[in-house]
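# Report on the structure
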Amino acid sequence: MIFGVIVAGGVGSRLGADMPKQFLKLADRPIIIYTLNTFLQCPELEDIYIGVHPEWLEYMARLVQEYIPEQEWLRVHLVPGGTERNETIMNVIKQIEQEFGNEEPHYIITQDGVRPFVTRRLIEEHVKAVLQYDAVDTAIPAVDTIILSEDGRTVKDIPERKYLYQSQTPQSFRMDLLKNLYLGLTQEEKGILTDACKICIVRQVPVHIVAGEVSNMKITTAADYKIAQVMAENGELDTKSW
Ligand SMILES: C[C@](O)(CO)[C@H](O)COP(=O)(O)O
């Protein structure tokens, strides 16, 4: 089976708001609701799991009831998040195994809750790709020159831009592969992870790339939030099912 996994375990808001950024509104709905709605529109996905910080589980449950049609409620599962994103993904994997067993291989399409402009095209390409490759990233070519600095004051290196991409989500995996690789990492290796694909890369497991979209931005800063609001006003959000 194939499941959507929305990662929304953070409590911080680098936007300076009084709630985690995934709950801030774009147009008339919370950011995470757009992300969830696009995933729910994909019939290839059995159910959608959302990893949420334990203190925000009740709040998220109320949002689902308020904004998601009742006939879809059974497809949405909330799971307490962990201390960081890969712990949250592991909590979700544990929950899926408890509910659906692990005799047949399962696949997960993971997504940042704060990427509300994700498209069905991206999710559907991931569904096809993960069945073939077991580990799949989303990326767009870097348009800026990327510099390497160890101290933030001097440039150590400037890698050739044609080899550099920016990673996005979805990031998709055969579930048992990701779990076993993660369990085999040392604390030091876990400490350098900023996404789930790196779990594969540190163990030399190949990761396939699906072409991302510039519009599939991650809302991290106040400037991102302003850009997202303008994009929302210009009809970039998927609201077809509403
Ligand atoms: C997974 C990711 O979106 C790829 O660019 C990114 O690493 C997430 O980072 P965050 O620190 O969880 O916002």
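Okay, so let's go over this structure. Note that the structure is predicted; figures quoted are calculated from it, not measured. (Residues numbered from 1 in each chain as written. Predicted model: local features only at pLDDT ≥ 70, side-chain atom pairs only at ≥ 80, totals over all residues. Heavy atoms only, no water.)

### Description of the sheet that holds strand E7 (residues 135-141)
This is how it is decided: Pairing between two strands is assigned when DSSP locates at least 2 bridges connecting them. Each helix is a run of DSSP H or I of at least 4 residues and each strand a run of E of at least 2, with the numbering of both proceeding from the N terminus. For helices, the fitted axis covers only the stretch in contact; all axes are lines through C-alpha atoms, and the angles between them, taken along N-to-C directions, range from 0 to 180 degrees. Contact criterion: two residues are considered in contact whenever any of their non-hydrogen atoms come within 4.5 Å of each other.
Pairing is mixed across the open sheet formed by 7 strands, whose spatial order is E5-E4-E1-E6-E8-E7-E9. For this open sheet the edge positions go to strand E5 (76-80) and strand E9 (208-211), each flanked by a neighbour on one side alone. Sheet twist, expressed as the average angle between the axes of neighbouring strands with direction ignored, equals 30°. With 6 bridges joining them, strand E1 (residues 2-8) and strand E6 (residues 107-112) adopt parallel strand pairing. Across the sheet, residue Ile6 finds its bridge partner in E6, namely Gln111. Where helix H3 (residues 85-100) meets the sheet, it contacts E1, strand E4 (48-52), E5, E6 and strand E8 (165-174), and its direction lies at approximately 140° from that of E4. This element, helix H5 (residues 175-183), spans E6 and E8 of the sheet and lies at about 110° to E8.

### Comments concerning the pairing of E8
Judged from the 4 bridges that link them, E6 and E8 form a sheet pairing that is antiparallel. Following the sheet pairing, Ile109 is matched in E8 by Ser172. Bridge count for E7 against E8 is 6 bridges, and the pairing is antiparallel. Residue pairing in the sheet places Ile140 in a bridge with Gln166 of E8.

### Overview of the packing of aromatic side chains
The geometry of an aromatic ring pair is captured by two quantities: the separation of the ring centres and the angle between the planes. Heads up, the rule is: Each pair of aromatic rings taken from Phe, Tyr and Trp, with Trp reduced to its six-membered ring, is defined by centres within 6.5 Å and is described as stacked if the planes are under 30 degrees apart, edge-to-face if over 60, and tilted in the remaining cases. For the exposure calls, accessible area comes from a 1.4 Å probe over protein chains only, and a residue counts as buried if that area is under 20% of its type's maximum, exposed if over 50%, partly exposed in between.
Overall, the coordinates contain 5 aromatic pairs when judged by the stated rule. Ring geometry for Phe23 versus Tyr59: centroids 5.1 Å apart, planes at 70°, classification edge-to-face. One end of the pair, Phe23, is in the loop between E1 and strand E2 (25-26); the other, Tyr59, is in helix H2 (residues 57-67), and 36 residues separate them in sequence. The class of Phe23 is buried, set by a relative accessible area of 3%. Using a relative accessible area of 23% as the deciding quantity, one classes Tyr59 as partly exposed. Summarising the aromatic geometry, the rings of Trp56 and Tyr59 are spaced 5.2 Å apart at their centres and angled 85° between planes, so their arrangement reads as edge-to-face. We classify Trp56 as buried; its relative accessible area is 18%. These aromatic residues form a ring-pair network of at least three members: Phe3, Tyr49 and Phe100.

### Some details on the packing of H3 against H5
What describes two packed helices is the angle between their axes and the distance between those same axes. Here is the rule: Between 65 and 115 degrees an angle is taken as roughly perpendicular, under 35 as roughly parallel, over 145 as roughly antiparallel, and anywhere else as oblique. Throughout, a crossing is termed right-handed when the near helix is turned clockwise from the far one, and left-handed when it is turned anticlockwise from it by less than a right angle. Under this grouping Gly is polar, as are all residues other than the nonpolar Ala, Val, Leu, Ile, Met, Phe, Trp, Tyr, Cys and Pro and the charged Asp, Glu, Lys and Arg.
The N-to-C vectors of H3 and H5 enclose an angle of 130°; their axes lie 11 Å apart at closest approach. When the axes of H3 and H5 are compared, the pair comes out oblique. Where H3 crosses over H5, the handedness of that crossing is left-handed. Residue-level contacts link Asn86, Glu87, Ile89, Met90, Ile93, Ile96 and Glu97 of H3 to Met175, Leu178, Lys179 and Tyr182 of H5. When its residues are assigned to classes, the contact of H3 with H5 shows 7 nonpolar, 1 polar and 3 charged.

### Overview of the site of the ligand
We apply this condition: We call a residue near a molecule or strand when any one of its heavy atoms sits within 4 Å of it. The definition of a polar contact used here is a pair of N or O atoms within 3.5 Å, where within protein one atom must be able to donate a hydrogen and the other to accept one, and adjacent residues in sequence count solely through side-chain atom pairs. Every accessible area reported is derived by Shrake-Rupley at a probe size of 1.4 Å, with residue values counting cover from the shown protein chains alone.
Around the ligand, the surrounding shell consists of Arg85, Asp112, Arg115, Ser167, Thr169, Thr194, Asp195 and Lys218. At a separation of 3.1 Å, an oxygen atom of the ligand approaches a polar side-chain atom of Arg85. Take Asp112: an N or O atom from its side chain is 2.6 Å from an oxygen atom of the ligand. For the ligand, the accessible surface in isolation is 360 Å², of which the surrounding protein chains cover 72%. By residue class, the composition of the shell around the ligand is no nonpolar, 3 polar and 5 charged.

Shape is all these values report; function is a separate question.
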